[in-house]
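# Chains, contacts and geometry: an overview
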Amino acid sequence: NAGALYKVDGHYNVSDNTLMLQPEEGTNIEFVFKFLEQFNLNQLVFGSGQPLITGGQLKEISIFHPIEKEQKAIGDFFQNLDNLIKNHNTQLKKLTNLKKAMLLKMFPQDGASVPEIRFKGFDGEWEEIPFKNIGICKRGLTYSPTDVSKKGVKVLRSSNIFEDTFIEKEDDVYVNENAINIDYILEGDILVTAANGSSRLVGKHA
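All of the points below concern the structure found in this document. (Residues numbered from 1 in each chain as written. Predicted model: local features only at pLDDT ≥ 70, side-chain atom pairs only at ≥ 80, totals over all residues. Heavy atoms only, no water.)

Below, the discussion takes up the nonpolar core. If you look at the biggest cluster of nonpolar residues, it comprises 5 residues: Leu-141, Val-153, Val-155, Val-173 and Val-175. Going through the elements one at a time, β4 (153-155) and β7 (173-175) are the ones with two or more residues in this core. Contact partners of Val-175, with chain neighbours within four places excluded, come to Leu-141, Tyr-143, Asp-147, Val-148, Ser-149, Lys-151, Gly-152, Val-153, Val-155 and Ile-180. (Core = buried A, V, L, I, M, F, W, Y, C linked by side-chain atoms within 4.5 Å. Buried < 20%, exposed > 50% of the residue type's maximum accessible area, 1.4 Å probe, protein only. Helix = DSSP H or I, 4+ residues; strand = E, 2+ residues; numbered from the N terminus. Contact = heavy atoms within 4.5 Å.)

Here we come to the pattern of salt bridges. Where side chains of opposite charge bring their charged atoms close, a pairing between them can arise. On inspection of all chains with the given rule, the structure shows 8 salt bridges. With its nearest N and O atoms 3.2 Å apart, the salt bridge here joins Lys-105 to Glu-116. Placement of the pair is Lys-105 in helix α3 (residues 68-105) and Glu-116 in the loop between α3 and β3 (148-149), with a sequence separation of 11 residues. For the salt bridge of Asp-171 with Lys-169, the shortest nitrogen-to-oxygen distance reads 4.0 Å. (Salt bridge = Lys/Arg side-chain N within 4 Å of Asp/Glu carboxyl O.)

Turning our attention to helix α1 (residues 29-39). Within α1, the full set of buried residues consists of Phe-31, Val-32, Lys-34 and Phe-35. Viewed along the axis of α1, the buried residues span an arc of 165°, placing them on a single side of the element. Facing away from the buried side of α1 by more than 90 degrees, the exposed set consists of Phe-33 and Glu-37. Elements that come into contact with the buried residues of α1 comprise α3. Structurally, the start of α1 carries an N-cap: the backbone nitrogen of Glu-30 is 3.0 Å from a side-chain oxygen of Asn-28. Once α1 ends, the next one or two residues include Asn-40, with phi positive near 65°. (Arc of directions from axis to C-beta. Polar contact = N/O pair within 3.5 Å; in protein donor to acceptor, adjacent residues only side chain to side chain.)

Along the polypeptide, Gln-79 turns up in helix α3. Placed 48 residues apart in sequence, Gln-79 and Phe-31 show a C-alpha to C-alpha distance of 9.3 Å.

Viewed as axis vectors pointing N to C, α1 and α3 meet at an angle of 65°, and their least axial separation amounts to 7 Å. In this view, α1 runs roughly perpendicular relative to α3, as classed from their interaxial angle. The way α1 lies across α3 gives a crossing that is left-handed. Here α1 contributes Glu-30, Phe-31 and Lys-34 to the contact with α3, which in turn contributes Gln-71, Ile-74, Gly-75, Phe-78, Gln-79 and Asp-82. (Axes fitted to C-alpha atoms, helices over the stretch in contact; angles between N-to-C directions. Parallel < 35°, antiparallel > 145°, perpendicular 65-115°, else oblique. Left-handed = near helix turned anticlockwise from the far one by under 90°.)

Put into structure tokens, the structure is as follows:
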């Protein structure tokens, strides 16, 4: 728990809400770390006022313990995977920031009629028109609990819109065909979250 670290005389220590595990000789730290990751220590949590895990609980956990050479091979394997994930996440963050910057530069901003950056071969001002002129905007299906069925027509909800990506889920809702009183969506339609319990999620689109 990095948040519990504090420094004393050039050395780090941890607060009393943190357990320290120091493997004995013959035990690979990366192997133990990955064991704990797949074991899921959260299942040991108890208490309602201040949920916690005790050192006594940790000591009673059983762990399969191969020879140190195999432990190291397993630990190194997962450490390499973690490094790959970290590098990909770094690259993803860079690409995400680039996308945000280019969205601002490739669409006109602050009263301008042309974007700051354009592809070669394009010039002239962009025409500003009402959004309603580019397509039809309509509300989705209204249905009642009695319309829901195990089979039928899938109803896409705000939970199917993840940032700017459409996803299908195991708990997607289906309704009887006779409950459908609007047109079906088509390939290429844009879905926009119009209402949600969290205002932060309103406006998501896919």
